[in-house]
Amino acid sequence: MGDKPEAFFQRLETAISESRESLLHHRLYRRLETLEQLRTFMELHVFAVWDFMSLLKALQTRLTCVRTPWLPEGNPQIRRLMNEIVLGEESDTLPEGGATSHFELYLRAMVEVGAKTGTIDSFLVQLRAGKSVPAALTLSGAPSAVQDFVRHTFAVIEKGDPHEIAAAFTYGREDLIPEMFTQLVHGLERQFPGKLTTLRYYLDRHIELDGKEHGNMGRQMVYRLCEQEPRREREVTQAAIAALHARIKLWDGIASAVEKPEKQPTTD
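The rules behind the values
- Residues numbered from 1 in each chain as written.
- Predicted model: local features only at pLDDT ≥ 70, side-chain atom pairs only at ≥ 80, totals over all residues.
- Heavy atoms only, no water.
- Axes fitted to C-alpha atoms, helices over the stretch in contact; angles between N-to-C directions.
- Helix = DSSP H or I, 4+ residues; strand = E, 2+ residues; numbered from the N terminus.
- Parallel < 35°, antiparallel > 145°, perpendicular 65-115°, else oblique.
- Contact = heavy atoms within 4.5 Å.
- Nonpolar A, V, L, I, M, F, W, Y, C, P; charged D, E, K, R; others polar.
- Core = buried A, V, L, I, M, F, W, Y, C linked by side-chain atoms within 4.5 Å.
- Buried < 20%, exposed > 50% of the residue type's maximum accessible area, 1.4 Å probe, protein only.
- pLDDT = per-residue confidence, 0-100.
- Expected span 1.5 Å × (residues − 1).
- Left-handed = near helix turned anticlockwise from the far one by under 90°.
- Salt bridge = Lys/Arg side-chain N within 4 Å of Asp/Glu carboxyl O.
- Phe/Tyr/Trp six-rings, centres within 6.5 Å; stacked < 30°, edge-to-face > 60°.
- Lys NZ or Arg CZ within 6 Å of the ring centre and 35° of its normal.

1. Quick word on the packing of helix H7 (residues 133–140) against helix H8 (residues 144–159)
Here H7 crosses H8 at 170 degrees, and the two axes come no closer than 10 Å. If you check the angle between H7 and H8, you find them roughly antiparallel. Counting all contacts with H7, which are made through Val 133, Pro 134, Leu 137 and Thr 138, the residues of H8 involved are Val 146, Gln 147, Val 150, Arg 151 and Phe 154. Along the lines of polarity and charge, the residues of the contact of H7 with H8 split into 6 nonpolar, 2 polar and 1 charged.

What follows is the structure, encoded as structure tokens:
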């Protein structure tokens, strides 16, 4: 009959628990107290929001047909899971109506809170001009911690194994923002009315989607992609832990920038 999903999830979650706990209790969250510190956080964290979207599209490209002529490719249930996640992440609803990606929503939140978008804007300009991701990172002046993080993500993408990309996507990403961060945002919003409305909506949507829908969909996708092969399960575990460690290093870099913001270069 094979291994049940619950046993698979338990083994994987046990294997990554130490790294996950280190991330959830990172010193960064204790350093975020002011609006200016939150701005610094967002100016660097936005790159993680962007490359999350790249992981998403890498999975969609490998697990569904995104070209013409269309052909039925892969597992239909995995296609359904993938397309459901893409719908929410790439074209989520806005409170006033309409739709947007979570990345564009985050940019909107940055503008509202007064964070500088010059570095991420420059990065996107370089990409649209045909530059590679590493070159665009360098040319835009992205800090070293950001560059290392994005390079790790794209190393996973370029390797191309869907089960490893799915593991990094599911276990190393945006569901790792703890409740204390959400409480910080709510507290600052009371101090600065109208400055954090969009950021709060972004966080609330992640809590709703990742907690109730996308997290479970991602886990189901990882399980199905492993096809009960021990080798793939080992690779998934390694990919998940590596993604968590990459995020810890990014958090280290952001914490240092928050602690000494005057040393953090930004671009208007």
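2. Side note on the nonpolar core
Counting 89 residues, the largest nonpolar core has Leu 38, Phe 41, Met 42, Phe 181 and Leu 199 as its most contacted members. Not counting residues within four places of it along the chain, the set of residues in contact with Phe 181 comprises Tyr 29, Leu 32, Leu 38, Phe 41 and Leu 203.

3. Regarding the confidence of the model for the protein chain
Summing up the model confidence of the protein chain, the mean pLDDT is 90 and the portion of residues at 70 or higher is 94%. Under a pLDDT of 50 for its full length, residues 263–268 has, in the predicted model, 13 contacts with residues more than four places off or in other chains.

4. Regarding H8
Here H8 is 16 residues long and its end C-alpha atoms lie 22 Å apart, about the 22 Å a rise of 1.5 Å per residue gives. Within the span of H8, buried status applies to Val 146, Gln 147, Phe 149, Val 150, Thr 153, Phe 154, Val 156 and Ile 157. For H8, the elements touching its buried residues are helix H3 (35–63), H7, helix H9 (162–171) and helix H12 (230–259). Backbone geometry just downstream of H8 places Gly 160 in the positive-phi region, at approximately 90 degrees.

5. Brief notes about the packing of H3 against helix H5 (residues 102–113)
Interaxial distance between H3 and H5 falls to 10 Å at its minimum, and their mutual angle equals 165 degrees. Our classification of the angle between H3 and H5 gives roughly antiparallel. The hand of the H3/H5 crossing is left-handed. Facing Leu 35, Leu 38, Arg 39, Phe 41, Met 42, Glu 43, His 45, Val 46, Val 49, Trp 50 and Met 53 of H3, the residues of H5 in contact are His 102, Phe 103, Tyr 106, Leu 107, Ala 109, Met 110 and Val 113.

6. Observations regarding the pattern of salt bridges
Within this structure, the stated rule accounts for 16 salt bridges. Across the pair Glu 96 and Arg 108 runs a salt bridge whose closest N-O atoms are separated by 3.0 Å. Here the residue Glu 96 occupies a position in the loop between strand E1 (92–93) and strand E2 (99–100), and Arg 108 occupies one in helix H5, the gap between them amounting to 12 residues. Residue Arg 108 is classed as partly exposed on the basis of its relative accessible area of 36%. Beyond isolated ion pairs, a larger network of salt bridges with shared partners links Glu 227, Glu 229, Arg 231, Arg 232 and Glu 235.

7. Here we look at the packing of aromatic side chains
What the rule picks out here adds up to 10 aromatic pairs. Relative to Phe 169, the ring of Phe 52 lies with its centre 4.8 Å away and its plane at 15 degrees, an arrangement referred to as stacked. Taken together, the residues span a long stretch of sequence, with Phe 52 in helix H3 and Phe 169 in helix H9 at a distance of 117 residues. With a relative accessible area of 5%, Phe 52 lands in the buried category. For the ring pair Tyr 106 and Tyr 202, a centre distance of 5.0 Å and an interplane angle of 70 degrees mean the geometry is edge-to-face. Here Tyr 106 is found in helix H5, whereas its partner Tyr 202 is found in helix H11 (residues 197–226), with 96 residues between them in sequence. Accessibility classification places Tyr 106 together with Tyr 202 in one group, the buried group. Across from the ring centre of Trp 251, 4.8 Å away, lies the NZ or CZ of Arg 247, which sits over that ring.

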